[in-house]
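Observations on the three-dimensional arrangement
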Amino acid sequence: MTTLSIFDQSAPESPRVVTEDAGKIANLLAEHSVRFEQWSTRELPVDASSDDILEAYAEEIQALKDECGFQAADVISLNPDNPQKEAFRKKFLDEHVHSEDEVRFFVRGQGLFYLHFGDQVYAVMCQKNDLISVPDGTRHWFDMGPEPAFTCIRLFTNPEGWVADFTGEDIASRLPRYERLAGAAG
């Protein structure tokens, strides 16, 4: 289930707020200009191609392009049998920012976005049918877990602008990882 856990940076061992209420999650994130929505998902074959997925969600993608100025969309998918899963996980486990919004719609599976606002960290366990849009410049990191199993649609204004600029902060190492929070959410 989609879950938001809010941690104080000074006491990262346990969250001070935990909610699974999608409306409350959307409202709490909106206070920081983070967009959160739940879309209806489509039943797609397990072996659906990226083109099949983009076609199935063409209407929603076009609406976001029209509203937000996105120029491109693609699909990223990772499975537990991927031999590079550890490297992919490690790549985004450190706090970073982007020069454009980071937008993900979860077609399948789940992943954990951590959003760092001042002295608080919002950990959002996104699942199938969740859309999250993290504004450019927001300090964050992403944990896909040790056995990643997800498929996401990504939207870009400029794919080159989506390069991670790491902050050098160690905050990500001080908060509970996916394994702990997924167990609490699941």
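Keep in mind the model is a prediction, meaning the values are calculated, not measured. (Residues numbered from 1 in each chain as written. Predicted model: local features only at pLDDT ≥ 70, side-chain atom pairs only at ≥ 80, totals over all residues. Heavy atoms only, no water.)

**Notes on the state of the cysteines**
With the rule as written, the count across this model stands at zero disulfides. Of the cysteine sulfurs around Cys68, a residue in no disulfide, the closest is that of Cys126, at 16 Å. Overall, the relative accessible area of 36% leaves Cys68 in the partly exposed class. With no disulfide of its own, Cys152 has Cys126 as its nearest cysteine by sulfur position, at a separation of 8.1 Å. (Disulfide = S-S within 2.5 Å. Buried < 20%, exposed > 50% of the residue type's maximum accessible area, 1.4 Å probe, protein only.)

**Considerations on the pattern of salt bridges**
Under the criterion given, the structure shown has 12 salt bridges. Between Arg35 and Glu37 there is a salt bridge whose closest N-O contact spans 2.7 Å. Residue class for Glu37 comes out partly exposed when judged on its relative accessible area of 25%. Between Lys128 and Glu43 there is a salt bridge; the shortest N-O distance is 4.0 Å. Here Glu43 lies in the loop between β3 (35–38) and α2 (50–56) and Lys128 lies in the loop between β7 (120–127) and β8 (130–134), a separation of 85 residues in the sequence. Here the residues in one salt-bridge network are Arg35, Glu37 and Glu67, joined through shared partners. (Salt bridge = Lys/Arg side-chain N within 4 Å of Asp/Glu carboxyl O. Helix = DSSP H or I, 4+ residues; strand = E, 2+ residues; numbered from the N terminus.)

**Structural notes on helix α1 (residues 22–30)**
Structural remark: α-helix, 3.6 residues per turn; residues separated by three or four positions point the same way. Burial in α1 covers these residues: Ile25, Leu28 and Leu29. Within α1, the buried residues cover an arc of 95° as seen down the axis, which keeps them to one side. Tucked into the core, α1 has its buried residues touching β1 (3–8), β2 (17–19), β3, β6 (102–117) and β7. Where α1 begins, one side-chain oxygen reaches toward the backbone nitrogen of Gly23, 2.9 Å away; that side chain belongs to Asp21. (Arc of directions from axis to C-beta. Contact = heavy atoms within 4.5 Å. Polar contact = N/O pair within 3.5 Å; in protein donor to acceptor, adjacent residues only side chain to side chain.)

**As for the nonpolar core**
With 23 residues, the main nonpolar core has Leu29, Leu115 and Tyr122 as its most contacted residues. Contributing elements (two or more residues each) for this core: β1, α1, β6, β7, β8 and β10 (150–156). Looking at this core element by element, the count peaks at four residues for β6. Those residues in contact with Tyr122 that lie beyond four places of it in its chain are Leu4, Ser5, Ile6, Leu28, Leu29, His32, Phe113, Tyr114, Leu115 and Phe117. Ala48, Val103, Leu131 and Ile153 belong to the second-largest nonpolar core, a separate cluster that totals 14 residues. (Core = buried A, V, L, I, M, F, W, Y, C linked by side-chain atoms within 4.5 Å.)

**Quick word on the packing of aromatic side chains**
Tallied over the entire structure, the rule returns seven aromatic pairs. Ring centres of Phe117 and Tyr122 lie 5.2 Å apart, and the angle between their planes is 85°; this geometry places the pair in the edge-to-face category. As far as the burial class goes, Phe117 and Tyr122 line up, both buried. Here the aromatic cluster, defined as three or more aromatic residues joined through ring pairs, consists of Phe106, Phe113, Phe142 and Phe150. (Phe/Tyr/Trp six-rings, centres within 6.5 Å; stacked < 30°, edge-to-face > 60°.)

**Some points on the UniProt feature "binding site: Ni(2+)" (unreviewed entry) in the protein chain**
When the UniProt feature table is mapped to this numbering, "binding site: Ni(2+)" (unreviewed entry) covers His96, His98, Glu102 and His140. Spanning 45 residues, the named residues form one tight spatial group whose C-alpha atoms are at most 11.5 Å apart. Structurally, Glu102 can be placed in strand β6. Residue Glu102 is classed as buried on the basis of its relative accessible area, which comes to 5%. Only 3.4 Å separates the side chain of Glu102 from the side chain of Arg104, close enough to count as a polar contact. By the secondary structure assignment, His140 is in strand β9 (residues 139–143). (UniProt positions renumbered as here; feature names shortened; annotations may be inferred.)

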